[in-house]
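Structural features, examined
Chain residues, written in single-letter form:
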Amino acid sequence: MVVLHGGIRNGGKWNTFMKKVENKQQDQVRVTKYTIEGGPIIYELIYDGTAIQSTYDDSRDLYGSKQGRTTDTCKGIWTMKSEQGNIFYVLTGCEKEENPFSMPMR
């Protein structure tokens, strides 16, 4: 699935992932978000039936940290409303919360 500043592509993959998480079925999804400059930030979310392992990779972004991939384990995924009224999916109950995942709802 790809998240661009103009919208989301392949959103069906995200919907399938969310349904499987709700039903406590194992699944995984890769989300590639592009920065304003066009650099990719990659999140891989793997759900094992109880927790979500989130891997963050900004090594291909020109302005990324170059620290490579970092991994965190989270208890769940929820929706959150921003001050501007936009709704986002966010991971919750993460152990490290160094590179938090968030993705706009369509």
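Look a little higher up for the structure.
1. Structural notes on the overall build of the protein chain
Counting its secondary structure elements, the protein chain contains 1 helix and 9 strands. Helices and strands in the protein chain line up, N terminus first, as β-β-α-β-β-β-β-β-β-β. Here the protein chain holds 106 residues, and the buried ones make up 42% of them. The long-range share in the protein chain, meaning contacts at least 24 apart out of those at least 6 apart in sequence, stands at 30%.

2. Regarding the state of the cysteines
Linking two cysteines covalently via their sulfur atoms produces the bond known as a disulfide. With the rule as written, the count across this model stands at 1 disulfide. Residue pairing for Cys-74: its cysteine sulfur links by disulfide to Cys-94, the two sulfurs lying 2.0 Å apart. The S-S bond linking Cys-74 to Cys-94 shows a torsion near 105 degrees; that makes this disulfide right-handed. Here Cys-94 lies in the loop between β8 (87–92) and β9 (102–104) and Cys-74 lies in strand β6 (residues 69–74), a separation of 20 residues in the sequence. Given the relative accessible area of 14%, Cys-94 is considered buried.

3. Observations regarding helix α1 (residues 11–22)
For α1, which comprises 12 residues, the first-to-last C-alpha distance of 17 Å matches the rise-based estimate of 16 Å (1.5 Å per residue) to within 8%. The complete set of buried residues in α1 reads Gly-11, Trp-14, Phe-17, Met-18 and Val-21. Viewed along the axis of α1, the buried residues span an arc of 115 degrees, placing them on a single side of the element. Exposed side chains of α1 directed beyond 90 degrees from the buried face belong to Lys-13 and Lys-19. Packed against the buried residues of α1 are β2 (7–9), β3 (27–34), β4 (40–47), β7 (76–81), β8 and β9. Within two residues after α1, Lys-24 carries a phi angle of roughly 55 degrees, on the positive side.

4. What about the nonpolar core?
Trp-14, Phe-17, Val-31, Leu-45, Ile-77, Leu-91 and Phe-101 are the most contacted members of the largest nonpolar core, which has 20 residues in total. Put simply, the parts of the chain that give this core at least two residues each are α1, β3, β4, β5 (52–57) and β8. Not counting residues up to four positions away in its chain, the partners in contact with Leu-45 are Trp-14, Phe-17, Asp-27, Gln-28, Val-29, Ile-52, Gln-53, Ser-54, Leu-91 and Phe-101.

Each value, and the rule that gives it
- Residues numbered from 1 in each chain as written.
- Predicted model: local features only at pLDDT ≥ 70, side-chain atom pairs only at ≥ 80, totals over all residues.
- Heavy atoms only, no water.
- Helix = DSSP H or I, 4+ residues; strand = E, 2+ residues; numbered from the N terminus.
- Buried < 20%, exposed > 50% of the residue type's maximum accessible area, 1.4 Å probe, protein only.
- Contact = heavy atoms within 4.5 Å.
- Disulfide = S-S within 2.5 Å.
- Expected span 1.5 Å × (residues − 1).
- Arc of directions from axis to C-beta.
- Core = buried A, V, L, I, M, F, W, Y, C linked by side-chain atoms within 4.5 Å.

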